[in-house]
Amino acid sequence: MISRLARPAARLAASRPRLHQQQRRTIVDQMNSVESKIDATRAVHNAGGVTQGAANPTYLKQPGDAAVFLGGMGLITFACIKLGGGYWNMAHGTGKLE
């Protein structure tokens with residue numbers, strides 16, 4: 001029974017033209033064609049162009065970094081205050097819902 005269905009299906013599939021061609025590029029073609037920036041980065045780093053330290057931290061070098069840093073520190077401070085208040089209430093048995 002299956003062979004009765006398979007033969008016409010194979011004939012029909014063979015008679016239809018292919019609508020799409022196989023893609024010729026691969027996933028790694030773009031990665032292989034890009035120029036390497038390692039040598040330029042290494043030259044800047046070896047020349048001492050990247051200064052890192054407490055006086056000039058890397059997370060504050062871009063123009064918008066200070067605002068993001070201060071916002072993050074504000075959220076952390078707020079969370080610590082709320083956490084400390086919760087611990088205080090638990091330790092002293094206050095602030096309970098009755």
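Throughout this document, residue positions are counted from 1 along each chain, in the order its sequence is written. Predicted model: local features are reported for residues with pLDDT of at least 70 only, side-chain atom pairs are reported and counted for 80 or more only, and whole-chain, interface and lining totals are derived from all residues. The basis for every side-chain value is the complete set of heavy atoms in the structure, and neither hydrogens nor water enter the calculation.

Novice: It is not clear to me how the overall build of the chain should be interpreted in this structure. Could you clarify?
Specialist: On a plain count of helices and strands, the chain comes out with 4 helices and 0 strands. Any residue under 20% of the maximum accessible area for its type is buried, any over 50% is exposed, and the rest in between are partly exposed; the area is computed with a 1.4 Å probe on protein chains only. Buried positions account for 1% of the 98 residues belonging to the chain. Looking at the chain as shown, the accessible area adds up to about 9800 Å², and 61% of this sits on carbon and sulfur atoms. Going along the chain from the N terminus, every DSSP run of H or I of four or more residues is numbered as a helix, and every run of E of two or more is numbered as a strand. Surface accessibility in these figures is a Shrake-Rupley result with a 1.4 Å probe; residues are shielded only by whichever protein chains are displayed.

Novice: Looking at this structure, I do not really get a nonpolar patch on the surface. What am I missing?
Specialist: Side chains of Tyr-59, Leu-60, Phe-69, Leu-70, Met-73 and Ile-76 sit close together on the surface and give an oily, nonpolar patch of about 570 Å² of accessible area. Mapped onto the elements, Leu-60 comes out in the loop between helix 3 (38-46) and helix 4 (65-92). Each patch is built from residues lacking any salt bridge and having more than 30% relative accessible area; the joining distance is 9 Å for like charges and 5 Å for nonpolar side chains (Val, Leu, Ile, Met, Phe, Trp, Tyr). Any Lys or Arg side-chain nitrogen located within 4 Å of an Asp or Glu carboxyl oxygen qualifies as a salt bridge.

Novice: What's the story with the pattern of salt bridges in this structure? I'm lost.
Specialist: Any two side chains of opposite charge can pair, so long as their charged atoms come close to each other. Under the criterion given, the structure shown has 1 salt bridge. Close ionic contact of Asp-39 with Arg-42 constitutes a salt bridge, the shortest N to O distance being 3.7 Å. Placement of both Asp-39 and Arg-42 in helix 3 is noted, with a separation of 3 residues, approximately one turn of the helix.

Novice: What is the right way to look at helix 4 in this model?
Specialist: Because an α-helix packs 3.6 residues into every turn, residues spaced three or four apart end up facing the same way. With 28 residues, helix 4 should reach 40 Å at 1.5 Å per residue; the first-to-last C-alpha distance of 41 Å fits that figure. One or two residues past the end of helix 4 sits Gly-93, with phi positive at roughly 75°. Multiplying 1.5 Å by the residue count of a helix minus one yields the expected span of that helix.

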